[in-house]
Protein chains: 2
Amino acid sequence: MRNIKLTIEYDGKRYLGWQRLGDNDKTIQEKIEGVIKLLTNEDIEIIGSGRTDAGTHARGQVANFKTTVTMPLAEMQQFFNRYLPQDIVVNHIEEVPERFHARYHAVGKQYSYYVWSNPVPTVFERNRSFHFPQAVDLEKMQQAAEKLIGTHDFIGFSALKKSKKSTTRTIESITIMQEGNMIHFAFNGNGFLHKMVRILTGTLLAIGAGELDETIIDQVLNEKIRQAAGETVPSHGLFLDQVYY
Amino acid sequence: MRNIKLTIEYDGKRYLGWQRLGDNDKTIQEKIEGVIKLLTNEDIEIIGSGRTDAGTHARGQVANFKTTVTMPLAEMQQFFNRYLPQDIVVNHIEEVPERFHARYHAVGKQYSYYVWSNPVPTVFERNRSFHFPQAVDLEKMQQAAEKLIGTHDFIGFSALKKSKKSTTRTIESITIMQEGNMIHFAFNGNGFLHKMVRILTGTLLAIGAGELDETIIDQVLNEKIRQAAGETVPSHGLFLDQVYY
């Protein structure tokens, strides 16, 4: 069996997220599996590096699937990009050892969140950023972000009520850059809990706007109370940039 | 009467262009006039700097209208951006002398055209660039573009069959820049004929791809035969960047 690794870019706007939900054909996974069915005539389940929520975008989602089809890789990539909808593209394709597993073997991820920081809205970035019209203090946000770096139980910064699995994660870096009216948050870590990047961004924005004090971060890490943190910012500002193996 | 000048950004995808066409409500002009009607309760016709085609975008379209309404400018801008659809934004608003006319007083324009130059398509730029998968020679295109600079009769590079008005225009500059997989063509001149930027871009691309020789430019300028020039590239790669007064 060949094991094929795909690197996938998608605009999440029209989809209910990555993960298949029955057979409604409104998830990225189903769209890709549909093309694999055309290609191989087999019902093959692909393995993604992890879920992305409804509306969230990806520049570098990774998935793998196993097949006996002998088609050359370049031709296979062209086949995908001919039959996938225009808002999903296979950017890169390669053959990997049979033991490679896109979810189990992922050791880290980078996510980006984009905030349009101006009272006048944006036309061209409206579907890929969150419009936050209040003024924010970048330095304050950077200082607060430093408190999140390292290994912590992040359950208070997630949508999880409780969890049988560990909710401890390591954040390697958070960089916050302003380019014109756009603020770009980049998060690197070994893994992120459900909605964690969006809640972290919402909390940092509330600190930057002076609505929350930066001590809230220690409080949420220690007391694990979701309600104390900032709002969950919308999914359409979020991008899965890269998965590390 | 106050004379109000608007600078407008729009995503042309959903519209039949700038110019009102009866009352179908599918043009940018009608959307803006609709909000002016809400604002002033008067039927006011706005004057645009010029038309843009169906699907073409703008970063800096300019229009003016006259009104007796006394609302402050900042409030008026907020009103526009609250009631306009999300794909049209008033970026800037100012009061100008009563004689100012957005079309008659325009002395120049800048247009940009974006070409996605890679066999693998783009997800995020798909609605704002033309996918041209063949390899192109940037230097060849730059050399050919030099022949277009200056004052010429550009009717052979337009969609006009014949014209009672002058079809002589002056192109000040054409710059061609590659940023990653995107080729950005920027055209500056005192005015552009119908579809002229798209036909010039199509011709330069054909030269860059080796399908046409650069001598075609002299031939079309001299013999004024539209058929000899390159194809009209699609409207969704075109942006009206700026209007000069």
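Residues numbered from 1 in each chain as written. Chains lettered and ligands numbered in written order. Predicted model: local features only at pLDDT ≥ 70, side-chain atom pairs only at ≥ 80, totals over all residues.

So, the overall build of chain A
What counts is decided by this rule: Here a helix means four or more residues in a row that DSSP labels H or I, a strand means two or more in a row labelled E, and each is numbered from the N terminus. In this description the radius of gyration comes from C-alpha coordinates, and the expected globular size is given by 2.2 Å times residues to the power 0.38. Whether a residue is buried, exposed or partly exposed is read from the other C-beta atoms within 10 Å of its own C-beta, which are placed from the backbone; 20 or more gives buried, 12 or fewer gives exposed, and intermediate counts give partly exposed. By the criterion used throughout, residues are in contact when their C-beta atoms, derived from the backbone, lie within 7 Å.
On a plain count of helices and strands, chain A comes out with five helices and ten strands. Here the C-alpha atoms of chain A give a radius of gyration of 19 Å, agreeing with the 18 Å that 2.2 N^0.38 yields for 245 residues. Viewed in the frame of its principal axes, chain A has a C-alpha envelope of about 60 × 40 × 30 Å. Evaluated residue by residue, chain A yields a buried proportion of 38% over its 245 residues. Considering only residue pairs separated by 6 or more positions, chain A has 70% of its internal contacts joining residues 24 or more positions apart.

Focus on the interface of chain A and chain B
A common way to express how large an interface is: the accessible area buried when the components associate. As a reminder, the rule being used: Under the scheme applied, nonpolar residues are Ala, Val, Leu, Ile, Met, Phe, Trp, Tyr, Cys and Pro; charged residues are Asp, Glu, Lys and Arg; polar residues are all the others, including Gly.
Contacts between the two partners involve 14 residues from chain A, matched on the other side by 13 residues from chain B. Among the elements that make up the side of chain A that touches chain B, the one with the highest residue count is strand β4 (residues 88-96) of chain A (three residues). Looking at side-chain class alone, the side of chain A that touches chain B contains seven nonpolar, three polar and four charged residues.

A closer look at the nonpolar core
Selection criterion: Residues of type Ala, Val, Leu, Ile, Met, Phe, Trp, Tyr and Cys that are buried and joined through C-beta atoms within 7 Å form what is called a nonpolar core.
Membership of the largest hydrophobic core comes to 60 residues, with the highest contact counts inside it found for Tyr111(B), Tyr113(B), Val115(B), Met196(B), Val197(B) and Leu200(B). Broken down by element, the residue count for this core peaks at eight residues, all from helix α4 (residues 196-208) of chain B. Filtering out sequence-adjacent residues up to four positions away, Tyr113(B) remains in contact with Phe185(B), Val197(B), Thr201(B), Val233(B), Gly237(B) and Leu238(B). Counting residues in hydrophobic clusters, the runner-up holds 59 residues, among them Trp18(A), Ala63(A), Val115(A) and Leu238(A).

Quick notes on the domain arrangement of chain A
All names here are of chain A. Rules: For the domain bounds, the source is a domain assignment made automatically or taken from a database.
Under the domain assignment used here, chain A contains domain 1 (2-96) and domain 2 (108-244). Just the C-alpha atoms count here: the centres of domain 1 and domain 2 sit 28 Å apart. Contacts between the two partners involve 13 residues from domain 1, matched on the other side by ten residues from domain 2. For the side of domain 1 that touches domain 2, a count of residues per class yields three nonpolar, seven polar and three charged.

Some points on the relation of the copies chain A and chain B
Our working definition: The least-squares superposition of copies is restricted to C-alpha atoms, and to residues with a pLDDT of at least 70 in both copies.
Superposition of chain A onto chain B requires a rotation of 180° combined with a translation of 0.0 Å along the rotation axis, giving an RMSD of 0.0 Å. What the superposition gives is, in effect, a two-fold axis relating one chain to the other. The share of interface residues of chain A whose copies in chain B are also at the interface is 93%, consistent with both copies meeting through the same surface.

A few points about unusual backbone geometry
All names here are of chain A. Even without glycine at this site, Asn41 takes up a positive phi of about 60°. In this structure, Lys195 takes a positive phi of about 65° despite not being glycine. Tracing the backbone shows Lys195 in the loop between β9 (182-189) and α4 (196-208).

A few points about the pairing of strand β8 (residues 168-179) of chain B
All names here are of chain B. Applied cut-off: Strands were regarded as paired on the criterion that DSSP finds at least two bridges between them.
Direction of pairing for strand β7 (residues 150-153) relative to β8: antiparallel, over a ladder of four bridges. Counted as the bridge partner of Asp153 is Thr168 from β8. Alignment of β8 against strand β9 (residues 182-189), held across eight bridges, turns out to be antiparallel. By the bridge assignment, Ile176 is partnered in β9 with Phe185.

Some thoughts on α4(A)
All names here are of chain A. Note the following rule: The span you would expect from a helix comes to 1.5 Å times its residue count less one.
Its 13 residues give α4 an end-to-end C-alpha distance of 18 Å, which sits within 8% of 18 Å, the value for a rise of 1.5 Å per residue. With 13 of its 13 residues buried, α4 lies for the most part within the structure. Where α4 terminates, the next one or two residues include Gly210, which has phi positive at roughly 80°.

Describing the packing of helix α1 (residues 28-40) of chain B against helix α2 (residues 73-83) of chain B
Residue and element names in this part refer to chain B. Here is the rule: What counts as an axis is a line fitted to C-alpha atoms, over the stretch in contact for a helix, and the angles between N-to-C directions run from 0 to 180 degrees. Between 65 and 115 degrees an angle is taken as roughly perpendicular, under 35 as roughly parallel, over 145 as roughly antiparallel, and anywhere else as oblique. Handedness of a crossing follows from how the near helix is turned relative to the far one, being left-handed for an anticlockwise turn of less than a right angle and right-handed for a clockwise one.
Interhelical geometry of α1 versus α2 gives an angle of 125° and a closest axis separation of 10 Å. With respect to their mutual orientation, α1 and α2 come out oblique. Both α1 and α2 take part in a crossing whose hand is right-handed. Contact residues: Val35, Leu38 and Leu39 in α1; Met76, Phe79, Phe80 and Tyr83 in α2. In terms of residue class, the contact of α1 with α2 is built from seven nonpolar, no polar and no charged.

Quick word on helix α3 (residues 138-146) of chain A
All names here are of chain A. Condition: Relevant arc is that of directions from the helix axis to the C-beta atoms, nothing else.
Every buried residue of α3 is listed here: Met141, Ala144 and Ala145. Angularly, the buried residues of α3 cover 100° about the axis, an arc narrow enough to put them on a single face. Along α3, exposed side chains directed more than 90 degrees from the buried face belong to Glu139 and Glu146. In the core, the buried residues of α3 are packed alongside β8 (168-179), α4 and α5 (215-223).

Focus: the environment of Phe130(B)
Residue and element names in this part refer to chain B. With respect to the helices, strands and loops of the structure, Phe130 is situated in strand β6 (residues 130-131). A residue is classified by how many C-beta atoms lie within 10 Å of it, and Phe130, with 22 of them, is buried. Residues Phe130 and Leu238, 108 residues apart in the sequence, show an inter-C-alpha distance of 8.9 Å. Those residues in contact with Phe130 that sit more than four places away from it in its chain are Val115, Trp116, Val233, Pro234 and Gly237.

Thoughts on the packing of helix α3 (residues 138-146) of chain B against α4(B)
Residues and elements named next belong to chain B. Contact geometry of α3 with α4 gives a least axis separation of 8 Å together with a crossing angle of 135°. Considered as vectors, α3 and α4 are oriented oblique to each other. Viewed along their axes, α3 and α4 form a crossing whose handedness is right-handed. Along its contact with α3, which presents Leu138, Lys140, Met141, Ala144 and Ala145, the element α4 presents Leu204, Ile207 and Gly208.

Let's talk about the environment of Ser117(B)
Tracing the sequence through the fold places Ser117(B) in the loop between β5 (108-116) and β6. Sequence separation between Ser117(B) and Gln178(B) is 61 residues, and the spatial gap between their C-alpha atoms is 9.2 Å.

So, the environment of Thr232(B)
Residue and element names in this part refer to chain B. With respect to the helices and strands, Thr232 occurs in the loop between α5 (215-223) and β10 (238-244). For the pair formed by Thr232 and His152, sequence separation is 80 residues and the distance between their alpha carbons is 19 Å. Setting aside chain neighbours within four positions, we find Thr232 in contact with Lys195, Arg198, Ile199 and Gly202.

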